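# Overview (structure and organization)
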Amino acid sequence: MECKTRVIANVVLLQVEGRIDHTTAKAFEGALLPQLAGCTGEEKKLLLDFGGLVYISSAGLGVLMIAAKQCRKQNGKMVIAALQPMIQEIFQISRFDKVLEVFPTVRAALENISPTAASAYGDR
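Being a predicted model, the structure only gives us computed values, none of them experimental. (Residues numbered from 1 in each chain as written. Predicted model: local features only at pLDDT ≥ 70, side-chain atom pairs only at ≥ 80, totals over all residues. Heavy atoms only, no water.)

A separate point is the overall build of the protein. The secondary structure content of the protein amounts to six helices and five strands. When the helices and strands of the protein are listed from N to C terminus, the series reads β-β-α-β-α-β-α-α-β-α-α. Taking 2.2 N^0.38 as the reference for a compact globule, 124 residues should give roughly 14 Å; the C-alpha atoms of the protein span a radius of gyration of 13 Å, in line with that estimate. Summarising its shape, the C-alpha atoms of the protein cover approximately 35 × 30 × 25 Å along the three principal directions. When burial is assessed residue by residue, the protein has 44% of its 124 residues classed as buried. A sequence separation of at least 24 residues applies to 67% of the contacts in the protein between residues at least 6 apart. Of the roughly 6,200 Å² of accessible surface on the protein, 53% is carried by carbon and sulfur atoms. Computing the positive centroid from 14 side-chain charges and the negative centroid from 12, the protein places the two 5 Å apart. (Helix = DSSP H or I, 4+ residues; strand = E, 2+ residues; numbered from the N terminus. Rg over C-alpha atoms; globule rule 2.2 N^0.38 Å. Buried < 20%, exposed > 50% of the residue type's maximum accessible area, 1.4 Å probe, protein only. Contact = heavy atoms within 4.5 Å. Areas by Shrake-Rupley, 256 points an atom, 1.4 Å probe, with all protein chains shown as cover. Lys, Arg positive; Asp, Glu negative; His and termini not counted. Charge placed at Lys NZ, Arg CZ, Asp CG, Glu CD.)

Glancing now at the side chain of Thr24. For Thr24, the location among the structural elements is in the loop between strand E2 (11-20) and helix H1 (25-32). In this structure the side chain of Thr24 is engaged in a polar contact, spanning 2.9 Å, whose partner is the backbone nitrogen of Asp21. In this structure, Thr24 is in contact with Met1 and Arg19, ignoring residues within four places of it in sequence. (Polar contact = N/O pair within 3.5 Å; in protein donor to acceptor, adjacent residues only side chain to side chain.)

Their axes nearest at 9 Å, the elements H1 and helix H2 (residues 58-73) cross at an angle of 20°. Comparing the axis directions of H1 and H2 gives the class roughly parallel. As for the relative orientation of H1 and H2, their crossing is right-handed in sense. Between H1, through Ala25, Phe28, Glu29 and Leu32, and H2, the contact on the second element is made entirely by Ala59, Gly60, Val63, Leu64, Ile66 and Ala67. The residue makeup of the contact of H1 with H2, split by class, is eight nonpolar, one polar and one charged. (Axes fitted to C-alpha atoms, helices over the stretch in contact; angles between N-to-C directions. Parallel < 35°, antiparallel > 145°, perpendicular 65-115°, else oblique. Left-handed = near helix turned anticlockwise from the far one by under 90°. Nonpolar A, V, L, I, M, F, W, Y, C, P; charged D, E, K, R; others polar.)

Before going further, it helps to examine the packing of aromatic side chains. Scanning all chains against the criterion turns up three aromatic pairs. For the pair Phe91 and Phe96, a centre-to-centre distance of 5.9 Å together with 65° between the ring planes defines the contact as edge-to-face. The exposure classification of Phe91 matches that of Phe96, with both residues buried. Every member of this aromatic cluster is reached through a ring pair, and the members are Phe28, Phe50, Phe91 and Phe96. (Phe/Tyr/Trp six-rings, centres within 6.5 Å; stacked < 30°, edge-to-face > 60°.)

Pairing of strand E1 (residues 2-8) with E2 involves seven bridges; the strand directions are antiparallel. Residue Ile8 lies in a different strand from E2, and its bridge partner there is Val11. The turn joining E1 and E2, which pair antiparallel and follow one another in sequence, is formed by two residues; a positive phi near 55° is taken by Ala9. (Pairing = 2+ DSSP bridges.)

Let's shift gears to the pattern of salt bridges. This model, assessed by the stated rule, comprises four salt bridges. Between Arg19 and Asp21 there is a salt bridge, with the nearest N and O atoms lying 3.4 Å from each other. For Asp21, a relative accessible area of 11% gives the class buried. A salt bridge links Lys77 to Glu101, with the shortest nitrogen-to-oxygen separation between them at 2.5 Å. Of this pair, Lys77 sits in the loop between H2 and strand E4 (78-81) while Glu101 is found in strand E5 (residues 101-103), placing the two residues 24 residues apart along the sequence. (Salt bridge = Lys/Arg side-chain N within 4 Å of Asp/Glu carboxyl O.)

Okay, structure coming up:
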């Protein structure tokens, strides 16, 4: 599993690639949870790009649940974009698509949460 961070205007884009399972869940948590600091209101929002994610286990979903609760507690905004079909199915079965907002593309997510960031995003 690999995580790359990119800041676009008021959005932190965390690009996740590979697998999140019992062996990589702690590393994912270590990459994700620090990004939640200051993620309150309009100042800072978090977008998880799962376009390169090929597998997520219950351990990975647990990390997402902790992050979603923390984000909600501080009135922050965390959304997910670009789920692969298998990951999308896992989200639907586990009802994580009801816990977190999911968008078909990174651009669609940016347009929803921060038009400023969407215009600064460019075509990637």
